[in-house]
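Descriptive structure summary
One letter stands for each residue in the lines below.
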Amino acid sequence: MVVKDKKALAYFPGCSLHSTANDFSKSIKLLMEILEIELKEIEDWCCCGASSAHRINQHLANGLVKLNIDQCKKMGLDTIFAPCAACFNRFKVVVSELGDTTKIVSLPDLISKHLEEIKIKQKLKLNMKIACYYGCLLNKPHSIFKQDCENPMTMEQSLTELGMESIEWPFKTECCGASFSLSNPEVVYQLTGEILRKAQQRGAEIIVTSCPLCHVNLDMRQKEIIKRNNDITEIPVLYLSELIAICVGIPIDKLKIDAHFIQVSKTFEEKFTVCHG
Amino acid sequence: MSKCMESECNSYVVKCYQCGKCSAGCQISPFMDYLPHQVVRFVQLGDIYVDKILQSKSIWYCAGCQTCFSRCPQQVNLPHLMDLLCERSSKLKKIHPEARKILAFHKSFLNGVNRFGRSFELGLVGEFKLRTFNLFQDLLLAPAMIFKGKICFLPAKIKNLALVKVLFKKS
Ligand code: SF4
Ligand code: SF4
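On a predicted model such as this, the values are computed, not experimentally measured, just so you know.

So, about the overall build of chain B. Secondary structure summary: chain B contains 11 helices and zero strands in total. In chain B, the order of α-helices and β-strands from amino to carboxyl end is α-α-α-α-α-α-α-α-α-α-α. Burial statistics for chain B: of 171 residues in total, 51% are counted as buried. Contacts spanning at least 24 positions in sequence make up 66% of the contacts within chain B whose residues lie at least 6 apart. Just so you have it, chain B exposes about 8,700 Å², and 60% of that area is on carbon and sulfur atoms.

Okay, the overall build of chain A next. A tally of helices and strands in chain A yields 14 helices and 10 strands. For 277 residues, the compact-globule estimate of 2.2 N^0.38 gives 19 Å, and chain A sits close to it at 18 Å. Projected onto its principal axes, the C-alpha positions of chain A cover 50 × 45 × 30 Å. Put simply, chain A has 277 residues, and 62% of those count as buried. Summing over all exposed atoms, chain A offers an accessible surface of approximately 10,600 Å²; the carbon and sulfur share of this is 50%.

A few words on the interface of chain A and chain B. Taken together, the contacts link 53 residues of chain A with 57 residues of chain B. Carbon and sulfur atoms make up 62% of the area that chain A and chain B hide from each other, which totals about 4,900 Å². Contact with chain B buries surface across chain A, with R55(A), I56(A) and L182(A) losing the most and accounting together for 17% of the total. Inspection of the region where chain A meets chain B yields two salt bridges. Among the salt bridges present, the one from R71(B) reaches E150(A), with a minimum N-O distance of 2.7 Å. Joining chain A to chain B, the criterion identifies 13 residue pairs in polar contact (both at pLDDT 80 or more). Among the secondary structure elements, those contributing two or more residues to the side of chain A that touches chain B are α1 (14-18), α2 (22-34), α3 (50-56), α4 (58-74), α8 (142-145), α10 (180-183) and α11 (185-201) of chain A. Among the elements that make up the side of chain A that touches chain B, the one with the highest residue count is α3(A) (seven residues). Class assignment for the residues of the side of chain A that touches chain B results in 23 nonpolar, 22 polar and eight charged.

This part is about the site of ligand 1. Looking at ligand 1, the residues that line it are C16(B), Y17(B), Q18(B), C19(B), G20(B), K21(B), C22(B), H37(B), C72(B), P73(B), Q74(B) and V76(B). Of the residues in the shell around ligand 1, the class split is seven nonpolar, four polar and one charged.

Moving on to the pattern of salt bridges. All names here are of chain A. Under the defined criterion, the tally for this structure stands at 19 salt bridges over all chains. Close ionic contact of D100 with K73 constitutes a salt bridge, the shortest N to O distance being 2.5 Å. Of this pair, D100 sits in the loop between α5 (85-98) and β4 (103-105) while K73 sits in helix α4, placing them 27 residues apart in sequence. For D100, a relative accessible area of 19% puts it in the buried group.

To continue, consider a positive patch on the surface. There is a patch of like positive charges on the surface, built from K26(A), K29(A), K254(A) and K256(A). By secondary structure assignment, the location of K256(A) is in the loop between α14 (240-247) and β10 (272-274).

Right, let's talk about the domain arrangement of chain A for a bit. Residues and elements named next belong to chain A. Its domain assignment divides chain A into domain 1 (8-106) and domain 2 (111-274). Relative to domain 2, the C-alpha centre of domain 1 lies at a distance of 21 Å. Tallying the contact residues gives 26 residues for domain 1 and 28 residues for domain 2. For the pair domain 1 and domain 2, the two sides together bury roughly 2,300 Å², of which 73% comes from carbon and sulfur. Applying the counting rule to domain 1 against domain 2 returns one salt bridge. Close ionic contact of K121 with E36 constitutes a salt bridge, the shortest N to O distance being 3.5 Å. The interface formed by domain 1 and domain 2 holds four residue pairs in polar contact (both at pLDDT 80 or more) in total. At the level of elements, α1, α2 and α5 are the ones that each hand at least two residues to the side of domain 1 that touches domain 2. With nine residues, α2 is the largest single contributor of residues to the side of domain 1 that touches domain 2. Considering only residue class, the side of domain 1 that touches domain 2 consists of 15 nonpolar, seven polar and four charged.

About the thresholds
- Residues numbered from 1 in each chain as written.
- Chains lettered and ligands numbered in written order.
- Predicted model: local features only at pLDDT ≥ 70, side-chain atom pairs only at ≥ 80, totals over all residues.
- Heavy atoms only, no water.
- Helix = DSSP H or I, 4+ residues; strand = E, 2+ residues; numbered from the N terminus.
- Buried < 20%, exposed > 50% of the residue type's maximum accessible area, 1.4 Å probe, protein only.
- Contact = heavy atoms within 4.5 Å.
- Areas by Shrake-Rupley, 256 points an atom, 1.4 Å probe, with all protein chains shown as cover.
- Rg over C-alpha atoms; globule rule 2.2 N^0.38 Å.
- Buried area = accessible area lost by both parts, 1.4 Å probe.
- Salt bridge = Lys/Arg side-chain N within 4 Å of Asp/Glu carboxyl O.
- Polar contact = N/O pair within 3.5 Å; in protein donor to acceptor, adjacent residues only side chain to side chain.
- Nonpolar A, V, L, I, M, F, W, Y, C, P; charged D, E, K, R; others polar.
- Near = heavy atom within 4 Å.
- Patch = residues over 30% accessible without salt bridge, like charges linked within 9 Å, V, L, I, M, F, W, Y side chains within 5 Å.
- Lys, Arg positive; Asp, Glu negative; His and termini not counted.
- Charge placed at Lys NZ, Arg CZ, Asp CG, Glu CD.
- Domains from an automatic or database assignment.

Okay, structure coming up:
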């Protein structure tokens, strides 16, 4: 079923998409245009506080998210789309604590909701073995998300429907070390190293994620990790929105995939084949 | 600990029966000085034990990944307990020496939010480096990040900064 009455979504880009994850942000904008989903950026949004605020100041952490929810209400919107998994998680937790009715959607949710339409518009599919990586923040804690947080399948199901192959692996919700990227890179090298290794052991040729913090660790820190572990080789990490965008016909050079640290291979484009039907 | 925070912490730990499932699945546990279930136990015991925990590495190293909370048979919200203990540890200045850079990161991050309403990566990195005297870490990544347009040189300041500042003041 194609979702007909498309209401505009309040869009919360968050700080990452505004700076370091400009590649993620670009793919989202282009993809939403094609899917004719109207995004209204929350006016004058402020940082959600990320993992820092709730670590040292509970009152501040909830207050920052609430400011954004109020702003969304002022705009007359009832659903917030937060592509960054970390922001998404903060919003979900605060909305649930406040008993607020505002709906919060993540990128994998949105893709899965509009799947029929994506199928109609789909031109290409990727012929590589894909590891879908969720990280910790898309499905946990269980008390709030009420879904399978050990083995989520939202992304895999969407990719299968689009004719692509994803691997089964046990590390899809393991932690990558997130905010320790700057304060304690050693933790990241260890945790992210395990994730990369496991994906490759299971035969993955590419990793797909929808969290900019995970992307920093999996992509930007990858060369350093490879230096420390000779059994890990380079593996490109794509945002889910980048992959879907290419599938619905957005030319690769319009996206900012070359801003990733691990470059896709020269033959990457040839790995896509035309879909029929 | 303050009475109010103590009773809040206690309300989180009363149901724990020390099965150890939280520690079994915690990816960060190799970096911790007390395992997650021990943190809970010490809070249950109170007094000097709580003091030990406030000075521990564990509370700061917890990544807040929510795995233990999702799996706990008694729904003990351990990551939130860790948050409360960090807040307390930071207020009482009991931070474990090895955790100082983690706190420095959080403070640098929030300072940016207080000044601009949003995080400002370049300022964050700069302030973090100054706070930790760690000027050379990741220097090699910087040129590539600039080249790839991943670093903004100007902070984006929001219009309604006053509302954000009120939150910082109140807390
Ligand atoms: S899993 Fe829950 S009940 Fe078991 S030791 Fe940990 S906190 Fe206690
Ligand atoms: S939330 Fe903290 S204590 Fe619990 S599993 Fe994750 S890192 Fe370990």
